Amino acid sequence: MAFAVIFLLFLSIPFSSAKLNPDYYNATCPDFARIVREQVFTKQSTVPATAAGVLRLFFHDCITDGCDASIFISSNAYNPHAERDADMNLSLSGDAFDLVIKIKNMLELTCPGVVSCSDIIAQATRDLVKIVGGPYFPVRLGRKDSLESDASKVAASLPTQYMTMDDIINRFAARKFTVREMVALTGAHTIGFTHCKEFANRIFNFSPTSQVDPTLHPKFAEGLRHVCANYTKDLSMSAFNDPRSPSKFDNAYFGNVLKGLGLLRSDYLLGSDPRTRPIVEEYSRNEQAFFGDFSKAMEKLAVLGVKTGNAGEIRSRCDQFNHIPSA
């Protein structure tokens, strides 16, 4: 009976992700984990925004066409519209890309042609979440890098702050994520920052009767108006997603949402929609509940649409395919 249950559970796992395991590089690249760990620690120590940048980069890569490093490919004459150049990816952190590429270069000297870029970012994301105070979760390895990268798939896959909660839920449901898993993954907003232009419509000229969105806490809105006063002249201006503990991965984001301290319209919806508010309230009270659900959701995200075998390759460079596509 026990064997039958285990067998049925195995069958429920997509075959490609069933090939992955945490010990994949133990024999072929035994220094893999150490090199990743040391490099992410060094980068995070010098650039505190690294964790949030890499986490966001990983999410954008996985949710679009699977965790396959397709987001690293640079556009060129043979592939003029790569995923990286989609409008929704233009604000991704340059430091996040640089970190993965640096680790890849080091691994190519240590164990050439063995470790995929997609495995590097999966491992680096987990390590960075842990470094800034978040939960530890296992990372299964053995992904291959994609053989294509298509910018047109991005807008059709990523949720945006301008969507209704129905639309956001449907975007996650299309990737087999439950509402609870969606809320847990959104908790990644507990670190990092958002550019002012992304929420300026909530704090400037919101409506004919109000300068600011009335769902925002008044003092918070006032502070944001001051911080973002010149955002049209300086597009780099930004505000922390979590004003209480911006560099620590914790459950403070959920408490902020309930108090009108969320930057984005989607933050407000998360705390007001009857399908998500009870989960937000639970996570705001119980950090361990959030950490547990976030870990499970990240494990699920990390094997989404992975490529194995002949469906992918081990790139020599993260930003280009090994072979130029034939005309």
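Residues numbered from 1 in each chain as written. Predicted model: local features only at pLDDT ≥ 70, side-chain atom pairs only at ≥ 80, totals over all residues. Heavy atoms only, no water.

A. Representation of the layout of surface pockets within the structure. In this structure, the largest pocket encloses a volume near 1200 Å³. Along the wall of the largest pocket there are 44 residues; nearest its centre are R56, H60, H189, T194 and L264. With 7 residues, helix α4 (residues 50-65) is the largest single contributor of residues to the lining of the largest pocket. Split by residue class, the lining of the largest pocket holds 24 nonpolar, 14 polar and 6 charged. One number sums up the size of the second largest pocket: a volume of about 290 Å³. The wall of the second largest pocket is formed by 18 residues, among which A33, R37, Q123, R126 and Y136 lie closest to the centre. Per element, the largest residue contribution to the lining of the second largest pocket is 5 residues, and it comes from helix α6 (residues 117-131). Looking at the lining of the second largest pocket residue by residue, the class counts come to 11 nonpolar, 2 polar and 5 charged. (1 Å grid on protein atoms, 1.4 Å probe; cavity = no way out; pocket = protein on both sides within 12 Å on 5 of 7 lines; lining within 4 Å. Points joined across faces, edges and corners; volume = space filled by probe spheres on them. Helix = DSSP H or I, 4+ residues; strand = E, 2+ residues; numbered from the N terminus. Nonpolar A, V, L, I, M, F, W, Y, C, P; charged D, E, K, R; others polar.)

B. View of the UniProt feature "domain: Plant heme peroxidase family profile" (unreviewed entry) in the chain. Residues annotated by UniProt as "domain: Plant heme peroxidase family profile" (unreviewed entry) correspond here to residues 19-322. Secondary structure across residues 19-322 comprises 44% helix and 2% strand; the distance between its end C-alpha atoms is 23 Å. (UniProt positions renumbered as here; feature names shortened; annotations may be inferred.)

C. How the structure looks around the nonpolar core. Counting 77 residues, the largest nonpolar core has F32, F58, F72, L107, F249 and L301 as its most contacted members. Aside from chain neighbours lying at most four places away, what touches F72 is L57, R84, F97, V100, I121, R315, C318 and D319. F199, I203, A221 and M237 belong to the second largest nonpolar core, which has 16 residues in total. (Core = buried A, V, L, I, M, F, W, Y, C linked by side-chain atoms within 4.5 Å. Buried < 20%, exposed > 50% of the residue type's maximum accessible area, 1.4 Å probe, protein only. Contact = heavy atoms within 4.5 Å.)

D. Fine view of α6. The terminal C-alpha atoms of α6 lie 21 Å apart, and with 15 residues this matches the ideal 21 Å at 1.5 Å per residue to within 8%. The buried count for α6 comes to 13 of 15 residues, which makes it a mostly enclosed element. Looking one or two places after α6, you find G133, whose phi comes out positive at around 105°. (Expected span 1.5 Å × (residues − 1).)

E. How the structure looks around helix α5 (residues 94-110). The terminal C-alpha atoms of α5 lie 25 Å apart, and with 17 residues this matches the ideal 24 Å at 1.5 Å per residue to within 8%. Taken together, the buried positions of α5 are occupied by A96, F97, L99, V100, I103, K104 and L107. For α5, the angular spread of the buried residues around the axis is 160°, confining them to a single face. For α5, the capping residue at the N-terminal end is S93, with a side-chain oxygen 3.2 Å from the backbone nitrogen of D95. (Arc of directions from axis to C-beta. Polar contact = N/O pair within 3.5 Å; in protein donor to acceptor, adjacent residues only side chain to side chain.)

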